[in-house]
Amino acid sequence: QVQLVESGGGLVQPGGSLRLSCVVSGSSLEIYDMGWHRQAPGKQRELVAAITNRGGTNYADSVKGRFTISRDNAKNTVYLQMNSLQPEDTAVYYCNARLIGSWPPTNYWGQGTQVTVSS
C-alpha cells in the first residue's frame, strides 16, 4: 500500500522560509511523477509545483522564483523549499504521487501539512 507522509509545516513570519518533505512508502518513488498542492480556507486545491521522474519541473505563477521542488529517489522523498513566504501562501500543503503511465490516472495523496504565514 502506497503511503505519503508530509512534514515540515508550521508558523513562519512573512519573508521567512520553510522546507516541506514528503516521504513515500510502499513503492519506489521512481515510478511516480510528484507534486505539491495547497488548499487555503474557502478555496479550491491548486497545484503549486510538480516534478517528473526525470526531474522536469513546473510551478504555479504565484510561486515562481520563490519555491523549489526537488526529489531524492534514493530516499523516496520529495521536497518543497519555500522562500520569501507571504500571508497568501497560508494553506494546507498536500503531496501527490501520480503513477506514470496509468490511465485513468492513479493518484495518491498525503494527509497534508499546515503552513501559516503571519506576523
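Everything numeric in this text was worked out from a predicted model, so none of it was measured.

Rules and cut-offs
- Residues numbered from 1 in each chain as written.
- Predicted model: local features only at pLDDT ≥ 70, side-chain atom pairs only at ≥ 80, totals over all residues.
- Heavy atoms only, no water.
- Disulfide = S-S within 2.5 Å.
- Helix = DSSP H or I, 4+ residues; strand = E, 2+ residues; numbered from the N terminus.
- Buried < 20%, exposed > 50% of the residue type's maximum accessible area, 1.4 Å probe, protein only.
- Pairing = 2+ DSSP bridges.
- Axes fitted to C-alpha atoms, helices over the stretch in contact; angles between N-to-C directions.
- Salt bridge = Lys/Arg side-chain N within 4 Å of Asp/Glu carboxyl O.

Draft legend 1. A look at the state of the cysteines. What the rule picks out here adds up to 1 disulfide. The disulfide partner of cysteine 22 is cysteine 95, and the S-S distance across this bridge is 2.1 Å. Between cysteine 22 and cysteine 95 the sulfur-sulfur dihedral comes to about -85 degrees; the bridge is accordingly left-handed. Linking cysteine 22 in strand β3 (residues 18-25) with cysteine 95 in strand β9 (residues 91-99), this pair joins segments that are 73 residues apart in sequence. Residue cysteine 22 is classed as buried on the basis of its relative accessible area of 0%.

Draft legend 2. Representation of the sheet that holds strand β8 (residues 77-82). Read from one edge of the open sheet, 4 strands run β1-β3-β8-β7, paired in antiparallel fashion. Each edge of the sheet is formed by a strand with only one pairing partner; in this case those strands are β1 (3-7) and β7 (67-72). Here the strands of the sheet are splayed against their neighbours by 15 degrees on average, with no regard to which way each runs. Of the strand pairs in this sheet, β3 and β8 are connected by 6 bridges, and their pairing is antiparallel. Bridge assignment links leucine 18 to a residue of β8, and that residue is methionine 82.

Draft legend 3. Looking closely at the pattern of salt bridges. Following the criterion strictly, the structure yields 4 salt bridges and no others. For arginine 38, the salt bridge is made with glutamate 46, and the minimal N-O distance between the two is 2.7 Å. Under the relative-accessibility criterion, glutamate 46 is labelled partly exposed at 34%. When the shortest N-O distance is used, the salt bridge between arginine 66 and aspartate 89 registers 2.8 Å. Here aspartate 89 lies in the loop between β8 and β9 and arginine 66 lies in the loop between β6 (57-59) and β7, a separation of 23 residues in the sequence.

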